[in-house]
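Examining the three-dimensional arrangement
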Amino acid sequence: MLRFLRQNRPVVTPAGLSIIVSLYLLVALNNTFWVRGASVFASHEVKLTLLAAALLLAHIAGMLLFSAKYLFKPVLVFAIFVAAAAAYFVDGFGVIVNHQMIRNAVATDMNEARHLLTSAFWVHMLLYALLPIFAVLAVSVKRDPPRQQIARTGGNIVTCLLVGLAIIYVNFPSYSSVFRDRQDFMGVVNPGAPIAGAVRYVRKAMRETNVVAKPFGTDAKPGPVLSGASKPLFVVMVVGETARAQNFGLNGYARNTTPQLEQRDVINFTDTSSCGTATAVSLPCMFSHFPRTKFNNRKAKGWENLLDIAQRAGFQVEWWDNNTGHKGVAKRVSNRKFSVGTNPDFCREGECDDGILTDALRSYIAKADSDTLLVLHQVGSHGPAYFLRYPPAMEVFSPACRTAQFADCSQAEIIAAYDNTILYTDKNVADIIDLANEYSGKLASAVIYVSDHGESLGETGLYLHGAPYFIAPEEQTKVPFMVWFSDEFTNQMGLNRNCVRAKQDDPVTHDNLFHSMLGLLDIETKIHDSELDLFGSCIAPEVPQARVPYAALSGDLDNSSKLNLLP
């Protein structure tokens, strides 16, 4: 039987197999390309068809380039597998699989990944990847003698490239603006875009390997107010996950998703923009001195951050994580992992909700006796399994989607589940405030809550997050940001609440965070910029400090000689 099958295998040339696979990729695994292309080239369908033909020729040429005997089929298998996997997320969630999205995937853990790799994903991969791959492996590739094969293959590659380039050249006036301005369209070409993104990610990751953080803010020390304080400062910074400003009741959302925070004397900044649209970017950026426009992950790894400076100034600094890790931010301070536990009050299906952080805080704050900066990194509203982010008792908005497969839920059910995560965040942050208030007799406390990025919930066909920032919708870039101060904190630090409250509707960004925290903690250092400090101007008496102009800091600090800040 096996001999019969082996003798009767379909026979095809390298060029023929390249054409077949390229057609399959373009037609079956580029649905989003065709849908968006129909919109981009409305009333100019011929232009779209010609562009698709040029892409087809480019794919054929690329495959023929790797048509050596023992390389050809592995390359085709790889292309089909990558294209099928990318198509599932591009078509289903509207994401763009670029280098940042690949960074996010690499940085994730199994708990997060399993909610994306659902049964629907595996069925999709069976139909669109494994079966075509089996077909590719089943055929026999007919080859000419080596010299003839090289000549024929080289001729085919050159012909494909010349014809493809001719199509682009003749129609370039129509295509130039699309290539330049519509990355939401060109970024979904499959598998070209994902492969290009992977190459770019690997190149960047190699540059970041073995990077050692340079000292920064080496002159940091307690300011006069902190030095003379009668009670230790206890500052809790809650880093939210995937919480978007549009669904916070404090920002005027139709549902009251923040009933408990409304009863605390919080100051809510209503117009806050994130540094990125994914944790792997936003988290390092939030704690870095680099502004969003100058930030990249290599720079973040190459310089000490806010936590290092606070620790140098004498604060006990800790990072508690109920997410996928600190992304290098807390590499040099004490950190604890909470995301995997067995406490039945907070942990279900192999992961824990954020109540576990609040519960651990109860015993920690009771023992606090020195200036402390505690960062709580929540799992917050991370999707697609929103229903696991809160206990069943907190499912107030219903019917709520109770699966990670969005195709099984209506948009209203998805939003209801997401809103329940915000409601639970409201409870957790309110509980943290109450704990801090409970120990006001011995501590001067403050609580800061800010999310890393937002989330799309089906608007314009987009779900989840991670869109390139320059085309990302506001649902992914507008985040909640609020602060609470105990009476002891405001009295001891000379902080005027009304002065801070007067700024709550001003546009702010994650760029403000680094300098605002330095001001709030009264850490004296030349790198503190008062123009980006939301709190410094509201602290009296004002303590003059020598400051480096922010214009200097906003440049590329890889050349440290520009600032003379380092020893």
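Before reading on, note that the structure itself is shown above.
Read on for a plain summary of the structure. Note that the coordinates shown come from a computational prediction; the quantities given were computed from them, not determined experimentally.

**With respect to the nonpolar core**
Counting residues in each nonpolar core, the largest one holds 110 residues, and the members touching the most others are Leu 17, Phe 234, Trp 320, Leu 361 and Val 447. Here the element with the most residues in this core is helix H18 (residues 411-438); it accounts for 14 residues. Contacts of Trp 320, omitting those with residues within four sequence positions, involve Arg 336, Phe 338, Leu 357, Ala 360, Leu 361, Tyr 364, Leu 374, Val 375, Leu 376 and His 377. The next biggest cluster of nonpolar side chains, apart from the first, holds 57 residues, and it includes Ala 220, Ala 310, Ala 446 and Ile 539.

**Section: the state of the cysteines**
In protein structure, a disulfide is the covalent linkage between the sulfur atoms of two cysteines. Scanning the entire structure with this criterion turns up 4 disulfides. A disulfide bridge connects Cys 401 with Cys 409, and the sulfur atoms are separated by 2.1 Å. Around the S-S axis, the bridge from Cys 401 to Cys 409 shows a dihedral of about 70° and counts as right-handed. An identical accessibility class is assigned to Cys 401 and Cys 409; each is buried.

**As for the packing of aromatic side chains**
Scanning the entire structure with this criterion turns up 24 aromatic pairs. Seen in terms of ring centroids, Phe 41 and Tyr 175 are 6.0 Å apart; in terms of plane orientation they differ by 85°. Their pairing is edge-to-face. Pair noted here: Phe 41 is in the loop between helix H3 (31-40) and helix H4 (45-65) and Tyr 175 is in helix H10 (residues 172-181), with a separation of 134 residues, a long-range link. On the numbers, 6.1 Å between centres and 25° between planes, the contact of Phe 248 with Tyr 449 is stacked. Taken as a pair, Phe 248 in the loop between strand S4 (233-240) and strand S5 (267-273) and Tyr 449 in strand S11 (residues 444-451) lie far apart in primary sequence, 201 residues in all. Assigned by exposure class, Phe 248 and Tyr 449 land together as buried. In this structure an aromatic cluster arises from ring pairing among Tyr 88, Phe 89, Phe 93, Phe 121, Trp 122, Tyr 386, Phe 406, Tyr 418 and Tyr 463. The ring of Trp 320 is capped by Arg 336, whose NZ or CZ atom sits 4.8 Å from the centre of that ring.

**Focus: the packing of helix H2 (residues 14-28) against H4**
As a packed pair, H2 and H4 sit with axes 9 Å apart at the nearest point and diverge in direction by 135°. The angle between the axes of H2 and H4 places the two elements in the oblique class. Where H2 crosses over H4, the handedness of that crossing is right-handed. In this structure, H2 contributes Pro 14, Ala 15, Ser 18, Ile 19, Val 21, Ser 22, Leu 23, Leu 25 and Leu 26 to the contact, and H4 contributes Ala 52, Leu 56, His 59, Ile 60, Met 63 and Leu 64.

**What to know about the side chain of Asp 452**
Locating Asp 452 in the fold gives a position in the loop between S11 and strand S12 (456-457). Reaching out from Asp 452, the side chain makes a polar contact with the backbone nitrogen of Thr 242 at a distance of 3.1 Å. Separated by 3.3 Å, the side chains of Asp 452 and His 453 make a polar contact. Look past the residues within four positions of Asp 452 in its chain and what remains in contact with it is Gly 240, Glu 241, Thr 242, Ser 274, Gly 276, Thr 279, Ser 282, Met 286, Val 479 and His 510.

**Some remarks on the pairing of S4**
Every regular strand shows the same layout, with side chains that alternate between the two sheet faces. With 8 of 8 residues buried, S4 is to be regarded as a mostly interior element. Side chains Leu 233, Val 235, Met 237 and Val 239 project from S4 onto one buried face, and the interleaved Phe 234, Val 236, Val 238 and Gly 240 project onto a second face that is buried too. One ladder, built from 8 bridges, connects S4 with S11; its direction is parallel. The partner of Met 237 across the bridge, within S11, is Ile 448. With 6 bridges connecting them, S4 and strand S10 (residues 372-377) associate as parallel partners. By the bridge assignment, Val 238 is partnered in S10 with Leu 376.

**Some words on the pattern of salt bridges**
Under the defined criterion, the tally for this structure stands at 16 salt bridges. Arg 255 serves as the salt-bridge partner of Asp 419, at 2.7 Å between the closest nitrogen and oxygen. A residue pair is termed long-range when its members are at least 10 positions apart, and Asp 419 in helix H18 and Arg 255 in the loop between S4 and S5 qualify at 164 residues. Arg 255 gets classed as partly exposed once you look at its relative accessible area, which sits at 27%. With a closest N to O distance of 3.6 Å, Asp 321 and Lys 337 form a salt bridge. One end of the pair, Asp 321, is in strand S6 (residues 316-321); the other, Lys 337, is in strand S7 (residues 334-337), and 16 residues separate them in sequence. A relative accessible area of 3% places Asp 321 in the buried class. Each of Asp 265, Asp 487, Arg 497 and Arg 501 takes part in one network of salt bridges that share partners.

Conventions we followed
Residues numbered from 1 in each chain as written. Predicted model: local features only at pLDDT ≥ 70, side-chain atom pairs only at ≥ 80, totals over all residues. Heavy atoms only, no water. Core = buried A, V, L, I, M, F, W, Y, C linked by side-chain atoms within 4.5 Å. Buried < 20%, exposed > 50% of the residue type's maximum accessible area, 1.4 Å probe, protein only. Helix = DSSP H or I, 4+ residues; strand = E, 2+ residues; numbered from the N terminus. Contact = heavy atoms within 4.5 Å. Disulfide = S-S within 2.5 Å. Phe/Tyr/Trp six-rings, centres within 6.5 Å; stacked < 30°, edge-to-face > 60°. Lys NZ or Arg CZ within 6 Å of the ring centre and 35° of its normal. Axes fitted to C-alpha atoms, helices over the stretch in contact; angles between N-to-C directions. Parallel < 35°, antiparallel > 145°, perpendicular 65-115°, else oblique. Left-handed = near helix turned anticlockwise from the far one by under 90°. Polar contact = N/O pair within 3.5 Å; in protein donor to acceptor, adjacent residues only side chain to side chain. Pairing = 2+ DSSP bridges. Salt bridge = Lys/Arg side-chain N within 4 Å of Asp/Glu carboxyl O.

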